[in-house]
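Structure at a glance
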Amino acid sequence: MRKQGGYKTHTCYCCAKHPDTGLKMAFLLLLVMLTACAAMPQDLSGKMLTFPEQTNTANVRLITSAQNFSAVTVCLRSFTDLSRAHALFSLATSSVHNAFLIFKDVEVIELYVQDRRANFAADDYKLNMWQSVCSTWDYTSGLVQLWLDGKPTIRKFIGGSRIGTPIIILGQEQDSPGGGFDADQSFVGMMSDVHMWDYALSTCEIKRYVEYLNFTPGNVLNWRALEFVTSGRVLIEDQQMTCMM
């Protein structure tokens, strides 16, 4: 907070006469300023989100104006030592908790679309290493697919309907829109390079993302121009990469 130094201050008569009104006005102004700061897109290139502890509070809410999706691709990189179940990407709507969810269970990775689930083997899911995770879904075909470090799984039918206005959370799994968090399903570790598209990326496009090549950033969520709000103990740090000797 800046000190006022030698500046002369003036008392607003109406605020002095009605101190409660003045406090309310100051609070509203502060709230508007904080909201504006939170909503400004930030370039997180070379950065990561660190979730350092198991809680039912720490999360990052990603903000987008896009809605009514007939297809989705989500790509992200994660680093964790969790062998228990945990959420990687949670998208809910006002009526559906698991509108688009990437969830690592103990033995499988579960993909949900509009509360419908498809399971994929998690043999290639690595601990204590940076790993790229991508998932696609298309309403026309009803198919979902998963990529781990660019290696595709088989395509599975899940069906589903169009996804409306999204509520997107990192670090927690939503059991109610924007909440209902369970510490035992929280993500602990680091996460980076989160992108989301409103169409299904091709295998070649996903490979370009995985290999850090020039790719088209997400048109729904773009890590290079991300609007977000953090809650609880979440840190924004320089991304730590494995050194090649």
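What comes next concerns the included structure. Per-chain numbering applies: the sequence of each chain, read as written, is numbered from 1 onward. For this predicted model, a pLDDT threshold of at least 70 governs which residues receive local features, and a threshold of 80 or more governs which side-chain atom pairs are given and counted, while totals over whole chains, interfaces and linings are taken from all residues. Hydrogens and waters are ignored; side-chain quantities use all the structure's heavy atoms.

1. Thoughts on the overall build of the protein
Each helix is a run of H or I in the DSSP string that is no shorter than four residues. Each strand is a run of E no shorter than two, and both are numbered from the N terminus. Per the secondary structure count, the protein includes three helices and 15 strands. Only protein chains enter the accessibility calculation, which uses a 1.4 Å probe; a residue whose area is less than 20% of its type maximum is buried, one above 50% is exposed, and one in between is partly exposed. Residues counted as buried form 43% of the 245 residues belonging to the protein.

2. Description of the sheet that holds strand β5 (residues 100-104)
The pairing of strands in a sheet happens through backbone hydrogen bonds and is either parallel or antiparallel. Reading across from one edge, β7-β6-β5-β4-β12-β2-β14 is the order of the seven strands in this open sheet, with antiparallel pairing throughout. Sheet topology places β7 (116-121) and β14 (227-231) at the edges, where each strand pairs with a single neighbour. In this sheet, neighbouring strand axes are inclined to one another by 20° on average, regardless of whether the strands run parallel or antiparallel. The pairing of strand β6 (residues 108-113) with β7 spans six bridges and is classified as antiparallel. In the strand pairing of β7, L111 is matched with A118. Should DSSP find at least two bridges between two strands, the strands are regarded as paired. Every angle, taken between N-to-C directions, lies between 0 and 180 degrees, and every axis is a line fitted to C-alpha atoms, over only the stretch in contact when it is a helix.

3. Topic: the state of the cysteines
Count a disulfide wherever a pair of cysteine sulfur atoms falls within 2.5 Å. For the structure shown, the criterion picks out one disulfide. Between the sulfur of C75 and that of C134 lies a disulfide, 2.1 Å long from S to S. Looking down the S-S bond of the C75 and C134 bridge, the torsion is 120°, so its handedness is right-handed. With C75 in strand β3 (residues 71-79) and C134 in strand β8 (residues 131-138), the pair connects residues that are 59 residues apart, well separated along the chain. Residue C134 is classed as buried on the basis of its relative accessible area of 0%.

4. A short note on the side chain of Q174
Structurally, the position occupied by Q174 is in the loop between β12 (167-170) and β13 (189-197). Exposure remark for Q174: the relative accessible area of 0% places this residue in the buried category. Distance and chemistry together define a polar contact, namely a pair of N or O atoms within 3.5 Å, with one atom able to donate a hydrogen and the other to accept it when in protein, and with adjacent residues in sequence counting only for side-chain atoms on both sides. Within polar-contact distance, the side chain of Q174 engages the backbone oxygen of I167 at 3.0 Å. At 2.7 Å, the side chain of Q174 forms a polar contact with the backbone nitrogen of G178. Contact definition: two residues touch when any of their heavy atoms are within 4.5 Å. Sequence-distant contacts of Q174, defined by excluding residues within four places in its chain, comprise S90, L91, A92, H97, N98, I167, I168, I169, G179 and F181.

5. Things to note about helix α3 (residues 203-210)
Buried residues of α3: I206, Y209 and V210, and no others. End-on, the buried residues of α3 take up no more than an arc of 100°, which puts them together on one face. If you follow the buried residues of α3, they end up packed against β3, β8, β9 (143-148) and β13. Following α3 by one or two positions, Y212 has its phi on the positive side, about 60°. What the arc describes is the spread of directions from the helix axis to the C-beta atoms.

6. Comments concerning the side chain of H86
If you trace the backbone, H86 turns up in strand β4 (residues 86-92). On the accessibility criterion, H86 (0% relative accessible area) is buried. Within the local environment of H86, its side chain forms a polar contact with the backbone oxygen of R84, the two atoms lying 2.9 Å apart. The residues touching H86, leaving out its near neighbours within four places in the chain, are T80, F103, K104, Y125, Q185, S186 and F187.

7. So, the packing of aromatic side chains
Side-chain rings of Phe, Tyr and Trp, where Trp is taken by its six-membered ring, are said to pair if the distance between their centres is within 6.5 Å; with planes under 30 degrees apart they count as stacked, over 60 as edge-to-face, and otherwise as tilted. Applying the stated criterion to the full structure yields four aromatic pairs. Residues F89 and F100 carry aromatic rings whose centres are separated by 6.4 Å and whose planes lie at 80° to one another, so their mutual orientation is edge-to-face. Here F89, found in strand β4, pairs with F100, found in strand β5; they are eleven residues apart in sequence, far enough to count as distant. Like F100, F89 is buried.

8. Considerations on the pattern of salt bridges
For side chains of opposite charge, pairing can occur when their charged atoms come near one another. Between Lys or Arg on one side and Asp or Glu on the other, a salt bridge is scored when a side-chain nitrogen of the former is within 4 Å of a carboxyl oxygen of the latter. Here the structure, examined in full by the defined rule, presents six salt bridges. A salt bridge links K47 to D238, with the nearest nitrogen and oxygen atoms 2.6 Å apart. Of this pair, K47 sits in strand β1 (residues 47-51) while D238 sits in strand β15 (residues 235-238), and the two are 191 residues apart along the sequence. The class of K47 is partly exposed, set by a relative accessible area of 29%.

9. Side note on unusual backbone geometry
Positive phi values are uncommon outside glycine, yet D149 reaches one of about 55°. Tracing the backbone shows D149 in the loop between β9 and β10 (151-152). Positioned with a positive phi, Y212 is a non-glycine residue whose angle comes to about 60°. When you line up the elements, Y212 lands in the loop between α3 and β14.

Remember, this is a structural readout, not a statement about activity or role.
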